[in-house]
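# An overview of the molecular structure
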Amino acid sequence: MPIHHILIVDDSPTERQFLSDLLTRHGYTVSTADNAEAALAQIRTSPPQLVLMDVVMPGQNGFHATREIARDPATSHLPIIICSSKHQESDRIWGLRQG
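Residues numbered from 1 in each chain as written. Predicted model: local features only at pLDDT ≥ 70, side-chain atom pairs only at ≥ 80, totals over all residues. Heavy atoms only, no water.

The next point concerns the packing of helix α2 (residues 36-45) against helix α3 (residues 62-71). It is at 10 Å that the axes of α2 and α3 come closest, and there the two elements cross at 20 degrees. In terms of their interaxial angle, α2 and α3 are classed as roughly parallel. In the crossing of α2 with α3, the sense of the turn from one axis to the other is right-handed. Mapping the contact onto sequence places A36, L40, I43 and R44 in α2 and A65, E68 and I69 in α3. When the residues that make up the contact of α2 with α3 are grouped by side-chain class, the tally is five nonpolar, no polar and two charged. (Axes fitted to C-alpha atoms, helices over the stretch in contact; angles between N-to-C directions. Helix = DSSP H or I, 4+ residues; strand = E, 2+ residues; numbered from the N terminus. Parallel < 35°, antiparallel > 145°, perpendicular 65-115°, else oblique. Left-handed = near helix turned anticlockwise from the far one by under 90°. Contact = heavy atoms within 4.5 Å. Nonpolar A, V, L, I, M, F, W, Y, C, P; charged D, E, K, R; others polar.)

Structure representation (structure tokens):
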């Protein structure tokens, strides 16, 4: 299925704006959330076709949100790309283990 709607989840307004502008210029419909809780609410009401997920955010982090999305049968089909400044091999492995 082609991707048209992308949800950007990041607590940084600068990062959200940068990614949103870039993707919009390339024809994507973009919605944003500034934390994991808001993202999960949006996903339940208006599911995107792709999620770009930050890891380090206040409240629930991106790893936990990714795990919640992956384990819910209603959302487990959603592809998630983790976008983070965390660059340790253990972070990459942990991200993959979330589903």
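Glancing now at the nonpolar core. Ranked by internal contacts, the top residues of the largest apolar core, which has 13 residues, are L7, V9, I43, V51, M53 and I69. At the level of secondary structure, the elements contributing two or more residues to this core comprise β1 (5-9), α2, β3 (50-53) and α3. Take this core: its biggest share by element is four residues, from α2. Excluding residues that lie within four positions of it along the chain, L7 makes contacts with S31, T32, A33, A39, Q42, I43, P48, L50, V51 and L52. Counting six residues, the second largest nonpolar core, distinct from the first, contains I6, L23, L50 and L52. (Core = buried A, V, L, I, M, F, W, Y, C linked by side-chain atoms within 4.5 Å. Buried < 20%, exposed > 50% of the residue type's maximum accessible area, 1.4 Å probe, protein only.)

Read from one edge to the other, the open sheet built from four strands follows the order β2-β1-β3-β4, with strand pairing classed as parallel. Single-partner strands in this sheet number two, and they are β2 (29-33) and β4 (80-82). Across the sheet, the mean angle from the axis of one strand to that of its neighbour is 20 degrees, orientation sign disregarded. Strand direction decides the pairing type here: β1 and β3, joined by four bridges, are parallel. (Pairing = 2+ DSSP bridges.)

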